[in-house]
Every structure is written in C-alpha cells, then in structure tokens.
Amino acid sequence: MILRSTSSVLPRTLDEFVQWEAVDGFKYEWNDGKIIRFGKVKKKHLFIIRRLQQLFFGTAAFSKGGALIMEQDVMLSGIQMRRPDLAFFSGKQIDDSANSDEEPVPEFLIEVISPTDDAEKVEEKLAEYFDSSVKVVWHIYPDNEVVYVYTSRKNVKICTEHDICSAHPVMEDFDISVRELLSTQIPK
C-alpha cells in the first residue's frame, strides 16, 4: 500500500517513508531519520535524462536485460535510502532481486546537479555511494556545461565540451561528449 500525502504530515520511520509517496512534485530521500527534499525536475533536465536513456538503449547492458531507472529507491544501508536521478541495474541484479530480500545497489549512478543543491549534501551523497558498492558516479552541471565522472572519491575526470564521459568499467559502451549530452537540440 502506498501512502499519498499532500499534507504536512511526514513519515516518521523508514518503513513509513518507503510506503509514502509525495504528490507535490518534489523528490524526497531518507537519511538516518531525516527526510531531505529536493527541487522539481527542470525542463533542461528532462532533455538530459532522455538523451541518456536513448544512449543506454544502444548498449550491451540493455540487450542483456539491464535498466537505467529514473529516481529509483536505492537502499545504501539500513538507514540511507537515496533516489539518484538515474541508476543502472544490471539484468543479473534485477533477476537476483526477485528471489532475495536484499536490495540491489547500482554500480553506476547519475545525478543532475541544480544551482540550488547544497554542495555539502552533494559531497555527502557521493561519499555514501562509494561507501557502498557503487563504482561510477556522474555529476552533471547543466548550467556550467561540465560533467564530473567519479570512479572513486579521489579519482575524478572533469569533462567539458568535446570530452567524453564514460561509464567504464561498469559499461564499456556507455559514453557521450559533454556537448552532445547537454545540447537541447533535437537530434535529426
């Protein structure tokens, strides 16, 4: 059962939070008893998400049953539930989760960073991701036209213009230039 809420009554426990669905257009995450609210998706973000989804549909991972899912609940630990903008789950992870109580943790995540996102919170989430089994994280800054590609908290490639962003080593064939990714022009 999903609890929908338009009132100011918020869930008090993680179990309540997992069952709760806000209908105010905002994105929410749970972190050790705290509910964190994020802004609404902007139009430019939709172009980016669509372009990444289209790119994913041409990968070997997609042909093997993998999925790149928008705002999927990701349990990083017993006290942290995050909703990255996009999360990659392999076909094996999806199949294995059907017969297990364990929640799969994606190896590749993408966050589209807004000007209103708190830098400390962005860094906190990055640390949480790498403390779990995440191997690649992209931070996309559309307004600055830059993508940070992390393979650990210390190993980051800063991509601009024609630089190629890659999901290697998680997906060998998922790569795109910053210019192509951030263009709002509809491909012909």
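Scroll up a little and you will see the structure.
Residues numbered from 1 in each chain as written. Predicted model: local features only at pLDDT ≥ 70, side-chain atom pairs only at ≥ 80, totals over all residues. Heavy atoms only, no water.

**What about the environment of Pro-104?**
What counts, and what does not: Elements are defined by DSSP. Helices are runs of H or I of four residues or more, strands are runs of E of two residues or more, and each kind is numbered from the N terminus. Residues are treated as being in contact if the distance between any of their heavy atoms lies within 4.5 Å.
Locating Pro-104 in the fold gives a position in the loop between helix H4 (91-97) and strand E9 (108-112). Once the C-alpha coordinates of Pro-104 and Gln-93 are considered, the two residues, 11 residues apart in sequence, prove to be 6.1 Å apart. Ignoring any residue separated from it by four or fewer positions in sequence, one finds Pro-104 in contact with Phe-89, Gln-93 and Ser-97.

**Looking at the pattern of salt bridges**
We count it as follows: In what follows, salt bridge is the name for a side-chain nitrogen of Lys or Arg lying within 4 Å of a carboxyl oxygen of Asp or Glu. Categorising residues by exposure relies on relative accessible area from a 1.4 Å probe, with only protein chains included: less than 20% of the type maximum marks a residue as buried, more than 50% marks it as exposed, and the intermediate range marks it as partly exposed.
Overall, the coordinates contain eight salt bridges when judged by the stated rule. Note that Glu-128 is salt-bridged to Arg-82, the shortest N-O span being 2.7 Å. On the criterion of sequence distance, the pair formed by Glu-128 in helix H5 (residues 119-131) and Arg-82 in strand E7 (residues 80-82) is long-range, its members being 46 residues apart. Taken individually, Glu-128 and Arg-82 each receive the classification buried, so the pair is uniform in this respect. The closest approach of N and O atoms between Lys-125 and Glu-111, which form a salt bridge, is 3.1 Å. Placement of Lys-125 in helix H5 and of Glu-111 in strand E9 is noted, with a sequence separation of 14 residues between them. Each of Arg-82, Lys-121, Glu-124 and Glu-128 takes part in salt bridges that share partners, so that together they form one network.

**Regarding a negative patch on the surface**
Note the threshold: A patch is a set of surface residues, each over 30% in relative accessible area and not in a salt bridge, joined within 9 Å for like charges and within 5 Å for the nonpolar side chains Val, Leu, Ile, Met, Phe, Trp and Tyr. Shrake-Rupley sampling with a 1.4 Å probe provides the accessible areas, and residues are treated as covered by the protein chains on show and by no other component. His residues and chain termini do not enter the charge count, which takes Lys and Arg as positive and Asp and Glu as negative. For this purpose, a charge sits on NZ of Lys, CZ of Arg, CG of Asp or CD of Glu.
On the surface, Asp-143, Glu-145, Glu-161 and Asp-163 cluster together to form a negatively charged patch. Examined against the element boundaries, Glu-145 turns out to sit in the loop between strand E10 (136-141) and strand E11 (146-150).

**Details of the packing of aromatic side chains**
For clarity, the cut-off: Centres within 6.5 Å are what make two rings of Phe, Tyr or Trp a pair, Trp counting through its six-membered ring; a difference in plane orientation under 30 degrees is then read as stacked, over 60 as edge-to-face, and the rest as tilted.
In total, this model carries eight aromatic pairs according to the counting rule given. Relative to Trp-138, the ring of Phe-108 lies with its centre 5.3 Å away and its plane at 75 degrees, an arrangement referred to as edge-to-face. On the criterion of sequence distance, the pair formed by Phe-108 in strand E9 and Trp-138 in strand E10 is long-range, its members being 30 residues apart. Each of the two residues, Phe-108 as well as Trp-138, counts as buried. Three or more aromatic residues joined by ring pairs make a cluster, and in this case those are Phe-56, Phe-57, Phe-62 and Phe-88.

**Digging into the side chain of Asp-85**
To keep things clear, this is the line we draw: By the criterion applied in these results, polar contacts are pairs of N or O atoms within 3.5 Å in which, for protein atoms, one can donate a hydrogen and the other can accept it, and in which residues neighboring in sequence qualify only through two side-chain atoms.
Tracing the chain through its elements places Asp-85 in the loop between E7 and strand E8 (86-89). In this structure the side chain of Asp-85 is engaged in a polar contact, spanning 2.5 Å, whose partner is the backbone nitrogen of Val-112.

**Some points on H5**
To keep it simple, the criterion reads: By definition here, a helix of n residues has an expected span of 1.5 Å times n minus one.
Its 13 residues place the ends of H5 18 Å apart at the C-alpha level, agreeing with the 18 Å of an ideal helix rising 1.5 Å per residue. All of the buried residues in H5 are Val-122, Lys-125, Leu-126, Ala-127, Glu-128, Tyr-129 and Phe-130. Its side-chain oxygen placed 2.7 Å from the backbone nitrogen of Glu-120, Asp-118 serves as the N-cap of H5.

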